[in-house]
Amino acid sequence: MITGNKIKLRNRRLADAQNDYTWQTDPELARLDATPPLATTFSRYLSGYASELRYSSSNRHSFAIETMDDEHIGNCVYYNINETKGQAELGIMIGNRDYWDKGYGADAVTTLVSYIFRQTNLKRIYLKTLDWNSRAQRCFQNSGFTPYRYLARDGFRFVLMEIHRKQWQERQTGAERAQKQITPP
Ligand SMILES: CC(C)(COP(=O)(O)OP(=O)(O)OC[C@H]1O[C@@H](n2cnc3c(N)ncnc32)[C@H](O)[C@@H]1OP(=O)(O)O)[C@@H](O)C(=O)NCCC(=O)NCCS
């Protein structure tokens, strides 16, 4: 269990499959993620889900995002892990719309980035999001990511964003300094 300020990240489990299926078959969520909505039955989805949970991958680590009240509201992942280049890609989805625009996404991303930089030797984390997805870009900026280039792929235009270990460390130092200033003597 990895704890942030508003969320917790935990390993995914079979009981998450129903929410994940609902979110992956949702046309709006699929459009925001530049993918077609999933078109399969729940029972087929469930059997694939179960085998994915059984076999762990060293190239991909995914987590369920929970509120502090244990409500499963989305998922996040780091994948395409490249030890040689010292980098990985990050992905997130808050599937439950009731939790959009309330800082849960930024806290989940900040928490996952801190976990990655603390637990691995990776030096850089990057992500891509659709160029018109202003909410996602704002969320990632609030977590310390900066845009560095555009990418055209499959008829979509993405913004690529990144955070380097050094930038993360500077943010940590800044946050610690701010904390000291507000702590009463
Ligand atoms: C993208 C996503 C992870 C962001 O999580 P979230 O919890 O909603 O985001 P946060 O509340 O942390 O941050 C959203 C920010 O965008 C701002 N925002 C919302 N709509 C906006 C818009 N149309 N234009 C600009 N900013 C906008 C919010 O005000 C907030 O900024 P602030 O905290 O500085 O005020 C989540 O909304 C999500 O999963 N959405 C559906 C799927 C999706 O977009 N997937 C693509 C991910 S790459």
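Below, the structure is looked at part by part. (Residues numbered from 1 in each chain as written. Predicted model: local features only at pLDDT ≥ 70, side-chain atom pairs only at ≥ 80, totals over all residues. Heavy atoms only, no water.)

1. Here we look at helix α1 (residues 17–24)
Every buried residue of α1 is listed here: Ala 17, Asp 20, Tyr 21 and Trp 23. Looking straight down α1, one finds its buried side chains confined to an arc of 165°; they lie on one side. Next to the buried residues of α1 lie α2 (27–32), α3 (42–54), β4 (72–82) and β5 (87–94). (Buried < 20%, exposed > 50% of the residue type's maximum accessible area, 1.4 Å probe, protein only. Helix = DSSP H or I, 4+ residues; strand = E, 2+ residues; numbered from the N terminus. Arc of directions from axis to C-beta. Contact = heavy atoms within 4.5 Å.)

2. Details of the side chain of Ser 143
On the secondary structure map, Ser 143 appears in the loop between α5 (134–142) and β7 (146–153). We classify Ser 143 as buried; its relative accessible area is 2%. Once residues lying within four places of it in the same chain are set aside, the contact partners of Ser 143 are Ala 106, Val 109, Thr 110, Ile 163 and Arg 171.

3. Some words on the side chain of Asn 75
In this structure, Asn 75 sits in strand β4. Exposure remark for Asn 75: the relative accessible area of 14% places this residue in the buried category. A polar contact of 3.2 Å, which involves the side chain of Asn 75, links it to the side chain of His 72. Dropping the residues within four chain positions of it, Asn 75 is found in contact with Arg 12, Asp 20, Trp 23, Phe 63, Ala 64, Ile 65, Gly 91, Ile 92 and Met 93. (Polar contact = N/O pair within 3.5 Å; in protein donor to acceptor, adjacent residues only side chain to side chain.)

4. Some words on the nonpolar core
If you look at the biggest cluster of nonpolar residues, it comprises 35 residues, and the most contacted ones within it are Leu 9, Val 113 and Phe 145. Residue assignment for this core shows that the elements contributing at least two residues are β2 (7–11), β3 (60–67), β4, β5, α4 (104–119), β6 (124–130), α5 and β8 (156–164). Among the elements that line this core, the one with the most residues is α4, at 8 residues. Excluding residues within four positions of it along the chain, Val 113 makes contact with Leu 90, Ile 125, Phe 145, Ile 163 and Trp 168. Membership of the second largest hydrophobic core comes to 5 residues, among which are Ala 34, Leu 151, Phe 158 and Leu 160. (Core = buried A, V, L, I, M, F, W, Y, C linked by side-chain atoms within 4.5 Å.)

5. Side note on the packing of α1 against α3
Each pair of packed helices gets described by two things: the angle between the helix axes and the distance between those axes. With their axes 10 Å apart at the nearest point, α1 and α3 run at an angle of 120° to one another. Of the possible angle classes, the one that applies to α1 and α3 is oblique. Between α1 and α3 lies a crossing of right-handed hand. Listed contacts from α3 to Ala 17, Gln 18, Asp 20, Tyr 21 and Gln 24 of α1 are Phe 42, Tyr 45, Leu 46 and Tyr 49. Per-class residue counts for the contact of α1 with α3 are 6 nonpolar, 2 polar and 1 charged. (Axes fitted to C-alpha atoms, helices over the stretch in contact; angles between N-to-C directions. Parallel < 35°, antiparallel > 145°, perpendicular 65-115°, else oblique. Left-handed = near helix turned anticlockwise from the far one by under 90°. Nonpolar A, V, L, I, M, F, W, Y, C, P; charged D, E, K, R; others polar.)

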